[in-house]
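In case you want the letters, here they are:
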Amino acid sequence: MELLHIRNATLKINYGGHTFLIDPYFAEAGSQPSFAGKASNPTVPLPMNTDEILMGVDCVLVSHLHPDHFDEAAQATIPRNLPIYCQPEDVDTIRSAGFLAVHPLQDQVQLGEITLTRTPGQHGTGSILPLMGVVSGFVFQHPGERTVYWCGDTVWYEGVQQNIDRYQPSLIVCHAGANKFFKEHNVFGPAYTGDSDVLIMDVAQVSRLCDYAPDSQVVATHVGALDHETVTRAELRAALKKSVDSDQLFIPEDGQTLVFDQPLKTSQP
């Protein structure tokens, strides 16, 4: 299988004869409001044009509808008849944007020989959690491919551990920017008045994930594109260099493709 890391959570995965686009985020650099008062978002441009991103895509997977996962630019660009799989909570909103083939994924769907399963996530902890809404991840299974667990926007919690135990993935994709919201730049108004804990995994949680699944390779994404991240790729690599083997953890740059076969190959943008 091939995994192209595009930007933020956006991935293009060739798997079992299908090409999936995950969480398309097509906004031009600086075209969205700040989340932390540091810079407009996204903080970096796409590494390729949207025609190239959409080339060969069979279907789109949308984990949830936060603006860095399925934004207005993506909604305006993606063909209306392209199949979209999403959590049931988001079906009506996506259909109202004009998409004609929106499929709620309550649990599991069969796409040829691929079994695609939706998994729950926990988008933060404490008082911020009710404001973050329902989020999902996906598990890919195919008789001729690795089992892949894409965690989505979640912290490390018992649900992630249970999914690893249940599906035994040989490849795990996690979100690792340690993003937070801050009271000095309150994007929620009176509904929230303090600094949040991390909304997705941080260094310690990625380390725990790698330790819990030592036989799995891990790809850390959702780093390097938003102003409320609190860890950079360089900091993540440096912090985990001694505790996690370089053959287990990969932190791709935007536009980098990872080819997961035997042995692992990588290609730079």
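Fair warning: this is a prediction, and the values are worked out from it, not measured in the lab.

Chemist: It is not clear to me how the overall build of the protein chain should be interpreted in this structure. Could you clarify?
Modeler: Assigned secondary structure in the protein chain consists of seven helices and 15 strands. Computed over its C-alpha atoms, the radius of gyration of the protein chain comes to 17 Å, within 12% of the 18 Å expected for a compact globule of 269 residues. Structurally, the protein chain occupies a C-alpha span of about 50 × 50 × 35 Å along its principal axes. When burial is assessed residue by residue, the protein chain has 55% of its 269 residues classed as buried. Considering only contacts within the protein chain whose residues lie at least 6 apart along the sequence, 60% involve residues at least 24 apart. When the accessible area of the protein chain is evaluated, it comes to approximately 11300 Å², of which 49% is carbon and sulfur surface. Side-chain charges in the protein chain split into 16 positive and 32 negative, and the spacing between the mean points of these groups amounts to 3 Å.

Chemist: Got a minute to help me understand the nonpolar core in this structure?
Modeler: One broad trend across soluble globular proteins is that nonpolar side chains are buried collectively. Core analysis: the biggest nonpolar cluster contains 28 residues, and Cys 174 and Leu 249 have the highest contact counts within it. Residue assignment for this core shows that the elements contributing at least two residues are helix H5 (158-167), strand E11 (171-175), helix H6 (203-212), strand E12 (217-221) and helix H7 (233-240). Not counting residues within four places of it along the chain, the set of residues in contact with Cys 174 comprises Cys 151, Met 201, Val 206, Leu 209, Val 218, Val 219, Ala 220 and Thr 221. In this structure, Leu 105, Leu 116, Phe 140 and Trp 150 belong to the second largest nonpolar core, which totals 24 residues.

Chemist: I tried to follow the environment of Asn 14 on my own but got confused; where do I start?
Modeler: Looking at the secondary structure, you find Asn 14 in strand E2 (residues 10-15). For Asn 14, a relative accessible area of 30% gives the class partly exposed. Looking at Asn 14, its side chain comes within polar contact range of the side chain of Thr 19, at 2.7 Å.

Chemist: Teacher, can you tell me more about the sheet that holds strand E13 (residues 249-250) here?
Modeler: Each strand in a sheet pairs with its neighbour through backbone hydrogen bonds, running either in the same direction (parallel) or in the opposite one (antiparallel). Strand order across the open sheet formed by seven strands is E7-E8-E9-E10-E11-E12-E13, with mixed pairing between neighbours. This sheet does not close on itself; its edge strands, each paired only once, are strand E7 (108-111) and E13. Examined bridge by bridge, E11 and E12 share five bridges and lie parallel to one another. What sits directly across from Cys 174, in E12, is Ala 220. Its contacts with the sheet place H5 against strand E8 (114-120), strand E9 (136-141), strand E10 (148-150) and E11, and it is angled at close to 155° to E8. Across the face of the sheet, H6 comes into contact with E11, E12 and E13 while running at roughly 170° to E11.

Chemist: What am I meant to see in the pattern of salt bridges here?
Modeler: Charged atoms that come close allow side chains of opposite charge to pair. Per the counting criterion, the structure on display carries three salt bridges. For Arg 237, the salt bridge identified is with Glu 253, shortest N-O distance 2.9 Å. Taken together, the positions of Arg 237 in helix H7 and Glu 253 in the loop between E13 and strand E14 (256-259) put the pair 16 residues apart, joining distant regions of the chain. The class for Glu 253 is partly exposed, based on a relative accessible area of 30%. Connected through shared salt-bridge partners, Arg 233, Arg 237, Glu 253 and Asp 254 make up one network.

Basis of the calculations
Residues numbered from 1 in each chain as written. Predicted model: local features only at pLDDT ≥ 70, side-chain atom pairs only at ≥ 80, totals over all residues. Heavy atoms only, no water. Helix = DSSP H or I, 4+ residues; strand = E, 2+ residues; numbered from the N terminus. Rg over C-alpha atoms; globule rule 2.2 N^0.38 Å. Buried < 20%, exposed > 50% of the residue type's maximum accessible area, 1.4 Å probe, protein only. Contact = heavy atoms within 4.5 Å. Areas by Shrake-Rupley, 256 points an atom, 1.4 Å probe, with all protein chains shown as cover. Lys, Arg positive; Asp, Glu negative; His and termini not counted. Charge placed at Lys NZ, Arg CZ, Asp CG, Glu CD. Core = buried A, V, L, I, M, F, W, Y, C linked by side-chain atoms within 4.5 Å. Polar contact = N/O pair within 3.5 Å; in protein donor to acceptor, adjacent residues only side chain to side chain. Pairing = 2+ DSSP bridges. Axes fitted to C-alpha atoms, helices over the stretch in contact; angles between N-to-C directions. Salt bridge = Lys/Arg side-chain N within 4 Å of Asp/Glu carboxyl O.

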